[in-house]
Amino acid sequence: MGHGNISTYPWGPEDICPGGLILPILDERLWPIKVRVVVYLCILLYFLLGISIVADVFMTAIDKITSHTKKVYLAKELTANGSDVSLRPDQPEVIEVRIWNPTIANLTLMALGTSSPEILLSIIETVGHHFEARKLGPNIIVGSAAFNLLIITSLCTLTLNLNEKRRIHDLKVFLVIGAFSFFAYIWLLLIIEVISPNVIELWEAAATFMLFPILMLFAYITDKNWCGKDPEHNTQQLDLSSFEDQNGTKNQLILKNGKIDKENLIKFVKNVKQYSGITDADAAKLAATKLINSTHHGAMWYRIGAVRRFTGGKQIEPILEDHLKQVYDVIKNNEEFGYDTLNHMPPTFSQNEETKYAIIEFHAPTIAVKENIGKFPVTIWRHGNLNTKATVRVDSINGTAKEGEDFVKVKEVVEFKENEEEKEIFIELIDDNKWEPDEEFFLRMSVVHHKDLFVKLGSISIMEVTIIDNDEPGIISFGKRGLLVKESTGFVEVPIVRTHGSDSEVSVKWKTIDESAISGRDYVGGEGEIIFKDKEVAKILRIEIINDMCPEKDECFEIKLFETTGGAKIGNVNRIAITISSDDDFDSVVDRLMLLTNINIHALELHRQTWAEQIKTAMTVNGGDLNNATTLTYVLHFFSFFWKVIFAFIPPVAVFSGWLRFVTSLTLIGVMATIIGDLATIFGCLIGLDDAVTAITIVALGMSLPDILGACMVTRAETHADEAMIHIAGSIAVKVLMGVGLPWFIAALYHYLHGNLFKVPSTRIGFNVLLYSVMAILAITVLMIRRNVEFFGKAELGGPKKGRYITVAILISLWVIYLSLTCFQTF
């Protein structure tokens, strides 16, 4: 009975452990102790899973509330003669901006969302036990703060790749929030141990609670840079509403009024379709992935994603098939060299780059080989700078053909010596002596970086290999009978394919034929020869389109194939009509691509708009995306099914702009936090643990699990440590100021009105607060040393191998010392 309560049973002897505010609901006094321990532990873990899911629902409401925008009308500019006003063609007249300041949103609703279970548990525990001080709630908050600062920071450091690092960009905001969180704990220690030992007076509790709005004020001032120099803009992500180039001039909008811009979508689709096998649906999925990954996301977004990941729910991050993932990786690599796939043409290299860089690519985008060929060569060629060494890696990617079944896995490093232009690698096929339809797999090239070598990939960095059963020279024809191209495109790419065989080198001649479009006026025509090397099955003929900037009717010309060599034949589609059209003719095609892209984006939204959508998403594995569901996803969905379906009945964000969802989910969090408090208290009693030990171990760890996964995800995704570290510091400050300040203020006010004193025995929490304060000083010192010492990479997270392991060892040692001393003090 060491927990200070009497049994809640109205009959019979008292239980060995006290009851809580709600539990127990069954008469379990005669159950064996071991059975009760197992039952309470399993139920406690299951409710910790449930409160993580309902907190996810709560944060989707917060996301909706904080995403509210208002329209801002831009001032017009004077024309050159100064007589009137005008807008630039690329300048919107009205833009939408968020109402909530991002820093204030993070410190209020968002930090409240991640910390709401601990805060509500502390409030309900205090109020429910006659406004008396309790052990569980405050110690959960202190234990959770220590866990977040020491363990989550360590895991964020380990989650990065070797030599990868993350540095806090806006250090002022981090230091302000960190200083407030530290001062909050020092203040707690003062009012518990020094100012009025063992008693919390009303003014002390009120001052503790009032530190929270003061923190918001200082954070807002720091964020607005009212004091000090304005830091450089954080450019780690592309702003989807508008962006500026290096000269400060605005480029074309990617999104207009929340919708995808047609022009940029057309450019993107054209760029990605240079890779083999990319359909309109694939291009739309890649476009959606590009837009979502280019958006700056806060720590809350990643925390929601983490919860859904370990509950088998609908993912908020795009999941691409293997070959699309490789194409997307190539796009990202190109952007690292300053090339934006969403807004520019495929990369072309200037004369300086041709001289400086060795440019390496496959000889053709597609080849086809017989299944019984055994080994065959693939040519890799280099142009540009030949006076240097260069190294690339070639890996195979499964398509319909699978490694080990249809071909031998490729993982080969190719080294070019000085003045070498071509290299060959040999690919081996597996002949299983069974008839199979044509299958394909892919070869992907990547650069093996070296600080002294300047190497870039060319446009053909992915090759498609088709396995066929034919040994004929083949039939050459156009891939289509007609193509539609708008005049402003600049060129048209005409596919020429080789079917029914691909052996030996063959060629075919081509020439243009004027119709209503005239060569030299509407396009650059002529004639030439296309050569297919052995095993090559696809070529692209590029014809330049002349934009005369004059309105005119549709015009067309033809291209004809004739006179083959090497035994090849001309196919039935030996002529193709090219129609040069105005932009309006593309509307139907582009509208379809926009629809597909928006569908992909909508599927990854944080919340659903109707009850029906919520329930359907909750009841299906991976939110209905079965193609990307794994066995583990099914297992996690099974365990979390009950909670997901129950919480799917919470009102959607479309009702009252998310506020009803906010209130409902917050109420449910309070109920579940109360039950978790009862479960933790009874479980700790059954195994002989003090409430303080139970709070800083099992409960703190269980409630921090989503924060762990979310912090690791945001650390990997962002290029700075701000989102991870500022969120950790902010949640620590909010937890202590709201989770301790608010319930103590309520309790102190209650006792003041009744002429009593609100007593808080210092031995219960004072030592814990003092110990945490010491550990926090040491941890922040370690982080600041890391920031300024080259051995650690001059960054708070990640860095060189030895530096990161030493940091993790120090932080984990501090956590072990904190845990050991806290447990020792309770016995």
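Analysis parameters
- Residues numbered from 1 in each chain as written.
- Predicted model: local features only at pLDDT ≥ 70, side-chain atom pairs only at ≥ 80, totals over all residues.
- Heavy atoms only, no water.
- Axes fitted to C-alpha atoms, helices over the stretch in contact; angles between N-to-C directions.
- Helix = DSSP H or I, 4+ residues; strand = E, 2+ residues; numbered from the N terminus.
- Left-handed = near helix turned anticlockwise from the far one by under 90°.
- Contact = heavy atoms within 4.5 Å.
- Nonpolar A, V, L, I, M, F, W, Y, C, P; charged D, E, K, R; others polar.
- Pairing = 2+ DSSP bridges.
- Core = buried A, V, L, I, M, F, W, Y, C linked by side-chain atoms within 4.5 Å.
- Buried < 20%, exposed > 50% of the residue type's maximum accessible area, 1.4 Å probe, protein only.
- Phe/Tyr/Trp six-rings, centres within 6.5 Å; stacked < 30°, edge-to-face > 60°.
- Lys NZ or Arg CZ within 6 Å of the ring centre and 35° of its normal.
- Patch = residues over 30% accessible without salt bridge, like charges linked within 9 Å, V, L, I, M, F, W, Y side chains within 5 Å.
- Areas by Shrake-Rupley, 256 points an atom, 1.4 Å probe, with all protein chains shown as cover.
- Salt bridge = Lys/Arg side-chain N within 4 Å of Asp/Glu carboxyl O.
- Expected span 1.5 Å × (residues − 1).
- Parallel < 35°, antiparallel > 145°, perpendicular 65-115°, else oblique.
- 1 Å grid on protein atoms, 1.4 Å probe; cavity = no way out; pocket = protein on both sides within 12 Å on 5 of 7 lines; lining within 4 Å.
- Points joined across faces, edges and corners; volume = space filled by probe spheres on them.
- pLDDT = per-residue confidence, 0-100.

**Structural notes on the packing of helix α1 (residues 33-66) against helix α15 (residues 691-717)**
The axes of two packed helices give the description: the angle between them and the distance between them.
So, point 1. The contact between α1 and α15 brings their axes to 9 Å, and the two run at 35°. In the packing of α1 onto α15, the handedness of the crossing is right-handed. Contact residues: α1 offers L44, L48, I51 and S52, while α15 offers I698, G702, M703 and P706.
So, point 2. Split by residue class, the contact of α1 with α15 holds six nonpolar, two polar and no charged.

**Some details on the sheet that holds strand β13 (residues 411-416)**
So, point 1. Sheet architecture is open: five strands sit in the order β10-β17-β15-β12-β13, paired in mixed fashion. For this open sheet the edge positions go to β10 (366-370) and β13, each flanked by a neighbour on one side alone. Across the sheet, the axes of successive neighbouring strands diverge by a mean angle of 25°, strand direction being ignored.

**A short note on the nonpolar core**
One recurring pattern in soluble globular proteins is that nonpolar side chains are buried together.
So, point 1. Counting residues in each nonpolar core, the largest one holds 67 residues, and the members touching the most others are Y185, W744, Y772 and Y818.
So, point 2. In terms of residues, this core owes the most to one element, helix α4 (residues 171-195), which gives eleven residues.
So, point 3. Once you skip the residues sitting within four places of it in the chain, Y818 turns out to touch V142, G143, A146, I696, N768, L771, Y772 and M775.
So, point 4. Membership of the second largest hydrophobic core comes to 44 residues, among which are I51, V57, I65 and L686.

**Regarding the packing of aromatic side chains**
The description of an aromatic ring pair rests on the distance of the ring centres and on the angle between the ring planes.
So, point 1. All told, the structure shown has 17 aromatic pairs when counted by the stated rule.
So, point 2. When the ring of F642 is compared with that of W643, the centres are 5.1 Å apart and the planes differ by 65°; the resulting orientation is edge-to-face.
So, point 3. Look at W643 and you get buried, because its relative accessible area is 6%.
So, point 4. Feature note: the residues Y46, F47, F642, W643 and F647 constitute an aromatic cluster, connected by ring pairs.
So, point 5. Residue placement shows K511 over the ring face of F562; its charged tip is 5.6 Å from the ring centre.
So, point 6. When the ring centre of F491 is taken as reference, the NZ or CZ atom of R542 above it lies at 3.6 Å.

**Let's talk about a nonpolar patch on the surface**
So, point 1. Side chains of L21, I22, I25, L26, W31, V35 and V671 sit close together on the surface and give an oily, nonpolar patch of about 620 Å² of accessible area.
So, point 2. As for its position among the elements, L26 is in the segment before α1.

**Section: the pattern of salt bridges**
Side-chain pairing between opposite charges can occur once the charged atoms of the two side chains come close.
So, point 1. This structure, assessed with the given rule, holds eleven salt bridges.
So, point 2. Salt-bridge contacts for R166 lead to E164; the nearest nitrogen and oxygen are separated by 2.7 Å.
So, point 3. Look at E164 and you get partly exposed, because its relative accessible area is 25%.
So, point 4. Salt bridges sharing common partners tie together R521, D522 and E555.

**A closer look at the sheet that holds strand β18 (residues 475-478)**
So, point 1. Across the sheet, four strands lie side by side as β23-β20-β18-β25; this open sheet has mixed pairing. Two strands lie at the open edges of the sheet, namely β23 (538-544) and β25 (569-570), each paired on one side alone.
So, point 2. Where β18 and β25 come together, two bridges link them in parallel fashion. Bridging from a neighbouring strand, I475 pairs with K569 of β25.

**Re unusual backbone geometry**
So, point 1. The peptide bond linking L23 to P24 adopts the cis configuration, its omega dihedral lying at 0°.
So, point 2. Relative to the helices and strands, P24 resides in the segment before α1.
So, point 3. Notably, N198 is not glycine yet its phi reads approximately 65°, a positive angle.
So, point 4. Looking at the element boundaries, N198 is found in the loop between α4 and β6 (199-200).

**Examining helix α14 (residues 659-687)**
So, point 1. Relative to the 42 Å expected for 29 residues at 1.5 Å per residue, α14 spans 42 Å between its end C-alpha atoms, a close match to the ideal helical length.
So, point 2. Of the residues one or two after α14, G688 is the one with positive phi, at around 85°.

**A look at the packing of α14 against α15**
So, point 1. With their axes 10 Å apart at the nearest point, α14 and α15 run at an angle of 130° to one another. By the angle class used here, α14 and α15 are oblique. For the pair α14 and α15, the sense of crossing is right-handed. Touching I676, A680, T681, F683 and G684 of α14 are D691, T694, I698, V699 and M703, all from α15.
So, point 2. When its residues are assigned to classes, the contact of α14 with α15 shows six nonpolar, three polar and one charged.

**A closer look at the side chain of T822**
So, point 1. With respect to the helices, strands and loops of the structure, T822 is situated in helix α19 (residues 801-826).
So, point 2. The residues contacting T822, other than those within four sequence positions of it, are I696, F767, N768 and L771.

**Let's talk about the pairing of strand β12 (residues 390-397)**
So, point 1. Of all eight residues making up β12, seven are buried, and the element is well covered by its neighbours.
So, point 2. Note: β12 against β13, six bridges, orientation antiparallel. Within the sheet, the bridge partner assigned to T391 lies in β13 and is E415.
So, point 3. The pairing of β12 with strand β15 (residues 439-447) spans six bridges and is classified as antiparallel. Bridging from a neighbouring strand, R393 pairs with S446 of β15.

**What about empty space enclosed by the protein?**
In this approach, a probe sized like a water molecule rolls over the atoms, and the result shows the empty space that is left.
So, point 1. All chains considered together, the criterion is met by seven cavities of 30 Å³ or more.
So, point 2. Of the voids in this model, the largest cavity is the one considered here, and its volume is about 360 Å³.
So, point 3. Lining the largest cavity are 20 residues, and of these D56, V57, R308, T617 and A618 lie nearest its centre.
So, point 4. Elements supplying a minimum of two residues to the lining of the largest cavity: α1, α8 (299-309), α12 (611-619) and α13 (631-647).

**Considering the confidence of the model for the chain**
So, point 1. When the pLDDT values of the chain are averaged, the result is 78; 78% of them are 70 or greater.
So, point 2. Note that residues 1-8 has pLDDT below 50 and, in this model, 22 contacts with residues that lie over four places away or in other chains.
So, point 3. For the stretch residues 337-351, pLDDT sits under 50, and the model shows 37 contacts to residues farther than four places along the chain or on other chains.

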